[in-house]
Each structure stands twice: as C-alpha cells, then as structure tokens.
Amino acid sequence: MPQMPNITVQLVHIQGPLKGQIQDFSQFPVQIGRHSSCQVRFEKDLTAISRRHACIERQGNRFRIIDASTNGTYVNGKRIADVYLRDGDVITFSENGPKASFLTKIETGNAPVPPAPLVRPSPPSPSAPMQPQMSAPAPVPPVTAPSAPPPRPQIPEPGLTVGPDLEIPVISANAPLVIQFGPTLQSYNLLPVTIGTDPACEFVIANNALTGRHVQIFFSENDYYVKDLTGRNVVSINGRPVGAQSVLAQGAELSLTDQGPKFRFLGGGRLAEIQDVVSEPLDKTDADPNLIGSDRKPSVPQKKSKSLFKSFFS
C-alpha cells in the first residue's frame, strides 16, 4: 500500500542573525520568536521580534503562517495576518527584519522494489542426443476489455471550506474601517482588524458570548470580507453563517452570535451597531385640540433610536 508523503519544511535564513542556517521541520506547529520554547528562536536583544512572533501550521499538504506579532510579518514584501505559503516565498519577521526563504521537501517513504533476477537457460548436455524440437503454436489468450477503475472521490483538505485555490488570503491592506459600538467609535486605516474579548484585539468587546479572537474584517480586491475565527460557525451575515469567510456587502447585517452583538455595514468601511428602537411617552397638552378656536395642534408621537448612526456617520 502506498504511504502518505512525508513533507519536511525548510527555512533558509538569508538575512539577520541566523543568516546561512538551514532549519528542517517535520513536526508542527513551528513557533517563531524570542521565547525559549520557539523552534525558530532569535536573541532576546532583538526587540523588533516579538516573544511569540509567528507560527507555521500544517493543514493537509499545505502550510499556513499566522502572524501574532507587534511589528508584523511579511511574505514577499506584503504584511499578512495569515496566508498559505508556497515554495520560494520570502518571509520577513518585522519590517526590514530577519528574512528566511520557505521550501518543502516531499519523501514518499516507499522502499524501491528490486528488479527480478535474470534466469538464463542451462545449455544441453553433450551426451544427450539432439532431438528435433517442434515449436507448438502459443495459445492465444482471450481478449477482454480492461475494466476502468472506479472514480476516486474528491476529498477536501481539512480546514478549507471553498477549496485551496478559492479561499481569499488575508493580507495587510490600506483600507478605511470605522466601527461604532455603543458610545465607542474607532477608525482604522490598515486592515485586517480583529474583534473579540482578547485585549490584544484591535477592537475589544466585553461580551461573554464572544471568544478571545472572534471575527476578523479584512480587505481584498475592492471588497470587505468577514472571517469567522471561532471554529464554531457562529458568525452570520443576514442570518446565514459565513463559514470560513464571506463578502461583507453594503447594507448587510453582521451578527457575531445568535444573541448579538449585531452590526450594519453601511458601505465605505462603516460598521455600526444595530440597537432596538424605543418610543418615548407622548407630550401632554394643557388645551383640548378639538375645542373651537384653539391654536394648539395635537401632539405627534415622537420616536427616538438609541442608534448613533446619525451622530457618527451623517
């Protein structure tokens, strides 16, 4: 039975304190940083590198690098949040920091089959009389049509919901994003932006229904995207789960959980919380509006919204 290929990752350091070194890895994830537990470890005085700067994970036969740093991780000159790596990609740890080239080696693990020994016929004995030999016609085997092998089912790689060539990579992009949540208003010019309860997130929401790194907003090819980071498929757009990621269209309703919080995407990178509309009591009047000669007009019910759309986005 053929074995699954064994893939070894190589990091060839081409700039920085590890320049000239080649590191091989077959166990994942591979942690990169200044912490003593990292497999790719830089010196403590290299403060441009975070203690846990990035890690490389294996998903099926593909490898993804995830940034967890302060100063950023770059692939081929572009700042990324997480992206699949290809052979020859150049990874830079912090801007103008150490660089390493990414390579893979595939080993099948199957031993080669030795060739069958060549058997030579033995010569006839000189004392035995030579007998004329008649060559009988070889039997003709019946001709049968070869049976076609059954089609092999297409098995998707783990962790990918739309196929390895269709998932949009999350890379750093200069795009505006404004988030309004209650009285809080924050604006960003560099995406992606991560929302969750973890203080390390760019936008922190203290809500027990959310996870530490709950959802990510990123920009690619003139579109805003939402990425569910929970792994539980709880983030939805217009009531439908986003899966791994989904486009955030203008006017869409983004729900972080079934119970909220909920946001409305107003286009142009504006994301505003959706709140319930409440009615205030009617104003009281001293005169009866139905009396003849009265100049007073009947009161009109007034409604106010707790939403801050007008104050923030008008």
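What counts and how
Residues numbered from 1 in each chain as written. Predicted model: local features only at pLDDT ≥ 70, side-chain atom pairs only at ≥ 80, totals over all residues. Heavy atoms only, no water. Salt bridge = Lys/Arg side-chain N within 4 Å of Asp/Glu carboxyl O. Helix = DSSP H or I, 4+ residues; strand = E, 2+ residues; numbered from the N terminus. Buried < 20%, exposed > 50% of the residue type's maximum accessible area, 1.4 Å probe, protein only. Core = buried A, V, L, I, M, F, W, Y, C linked by side-chain atoms within 4.5 Å. Contact = heavy atoms within 4.5 Å. Phe/Tyr/Trp six-rings, centres within 6.5 Å; stacked < 30°, edge-to-face > 60°. Polar contact = N/O pair within 3.5 Å; in protein donor to acceptor, adjacent residues only side chain to side chain. Pairing = 2+ DSSP bridges. 1 Å grid on protein atoms, 1.4 Å probe; cavity = no way out; pocket = protein on both sides within 12 Å on 5 of 7 lines; lining within 4 Å. Points joined across faces, edges and corners; volume = space filled by probe spheres on them.

**Student:** How should the pattern of salt bridges be read in this particular structure?
**Tutor:** One side chain can pair with another of opposite charge once the charged atoms of both are near each other. Enumeration according to the criterion identifies six salt bridges in this entry. The partner of Asp82 in a salt bridge is Arg64, with the nearest N and O atoms 3.5 Å apart. On the criterion of sequence distance, the pair formed by Asp82 in strand E8 (residues 78-84) and Arg64 in strand E6 (residues 62-67) is long-range, its members being 18 residues apart. Note on accessibility: Asp82 and Arg64 belong to one class, buried. When the shortest N-O distance is used, the salt bridge between Lys262 and Glu253 registers 3.9 Å. Among the ionic contacts, a cluster of salt bridges with common partners joins Glu57, Arg64, Asp82 and Lys227.

**Student:** Just checking my understanding: could you explain the nonpolar core for this structure?
**Tutor:** Buried together is how nonpolar side chains tend to be arranged in soluble globular proteins. Counting residues in hydrophobic clusters, the biggest one holds 26 residues, and the most contacted among them are Ile179, Ile195, Tyr224, Val226, Leu248, Leu254 and Leu256. The residues touching Leu256, leaving out its near neighbours within four places in the chain, are Ile195, Ile205, Leu210, His214, Val215, Val234, Val235, Pro261 and Phe263. One finds Val9, Ile49, Ala54 and Leu85 within the second-largest nonpolar core, a separate group that totals 22 residues.

**Student:** Which parts of the structure should I look at to understand the packing of aromatic side chains?
**Tutor:** What characterises a pair of aromatic rings is the spacing of the ring centres plus the angle enclosed by the ring planes. Scanning the model with the defined rule gives seven aromatic pairs in all. Pairing Phe218 with Tyr225 gives two aromatic rings, centres 5.2 Å apart and planes at 10°, and the pair type is stacked. The same class applies to Phe218 and to Tyr225, which are both buried. When the centroid spacing of 5.4 Å and the interplanar angle of 55° are considered together, the rings of Tyr224 and Phe265 count as tilted. Pair noted here: Tyr224 is in strand E17 (residues 223-228) and Phe265 is in strand E22 (residues 262-265), with a separation of 41 residues, a long-range link. When its relative accessible area of 9% is taken as the criterion, Tyr224 is described as buried. Grouping aromatic residues by their ring pairs yields a cluster made of Phe28, Phe63 and Phe102.

**Student:** What is the right way to look at the side chain of His13 in this model?
**Tutor:** Relative to the elements of secondary structure, His13 occurs in strand E1 (residues 6-15). You can call His13 buried: its relative accessible area is 4%. In this structure the side chain of His13 is engaged in a polar contact, spanning 2.8 Å, whose partner is the side chain of Gln23. Sequence-distant contacts of His13, defined by excluding residues within four places in its chain, comprise Leu18, Lys19, Gly20, Gln21, Gln23, Val40, Lys99 and Ala100.

**Student:** How should the environment of Leu229 be read in this particular structure?
**Tutor:** By the element assignment, Leu229 lies in the loop between E17 and strand E18 (236-237). Leu229 gets classed as partly exposed once you look at its relative accessible area, which sits at 25%. Taking the C-alpha atoms as reference, Leu229 lies 7.0 Å from Gln216; in sequence the two are 13 residues apart. Filtering out sequence-adjacent residues up to four positions away, Leu229 remains in contact with Thr194, Arg213, His214, Val215 and Gln216.

**Student:** What am I meant to see in the pairing of strand E23 (residues 270-273) here?
**Tutor:** Relative to E23, strand E12 (residues 173-181) runs parallel, the two sharing three bridges. Within E23, the residue paired with Gln180 across the bridge is Ala272. Inspection of the sheet shows E22 paired to E23 by three bridges, in the antiparallel sense. In the strand pairing of E23, Phe265 is matched with Leu271. The antiparallel pairing of E22 with E23 creates a hairpin that spans four residues between the two strands, and Gly267 there sits at a positive phi of about 85°.

**Student:** Got a minute to help me understand the layout of surface pockets in this structure?
**Tutor:** Left-over empty space is what a probe sized like a water molecule reveals as it rolls over the atoms. Estimated volume of the largest pocket: approximately 1000 Å³. Lining the largest pocket are 44 residues, and of these Ile66, Asp67, Ala81, Arg213 and Gln216 lie nearest its centre. The element that contributes the greatest number of residues to the lining of the largest pocket is E8, accounting for five residues.

**Student:** What am I meant to see in unusual backbone geometry here?
**Tutor:** Note that the residue after Phe28, namely Pro29, is joined by a cis bond; omega there is 5°. Structurally, Pro29 can be placed in the loop between strand E2 (22-25) and strand E3 (30-33). Omega for the peptide link from Gly260 to Pro261 comes to -5°, which places this bond in the cis form. Positionally, Pro261 belongs in the loop between strand E21 (253-255) and E22. In this structure, Asn233 takes a positive phi of about 60° despite not being glycine.

**Student:** Help me understand the sheet that holds strand E20 (residues 245-247), please; the structure alone is not making it clear to me.
**Tutor:** The strands making up a sheet are joined through hydrogen bonds of the backbone, oriented either antiparallel or parallel. Sheet architecture is open: five strands sit in the order E15-E14-E16-E17-E20, paired in mixed fashion. Both edges of this open sheet fall to strand E15 (203-204) and E20, since each of them pairs with a single strand only. For strand E14 (residues 193-196) and E15, the ladder comprises two bridges, and the chain directions are parallel. Its bridge partner lying in E15, Ile195 is registered against Phe203.

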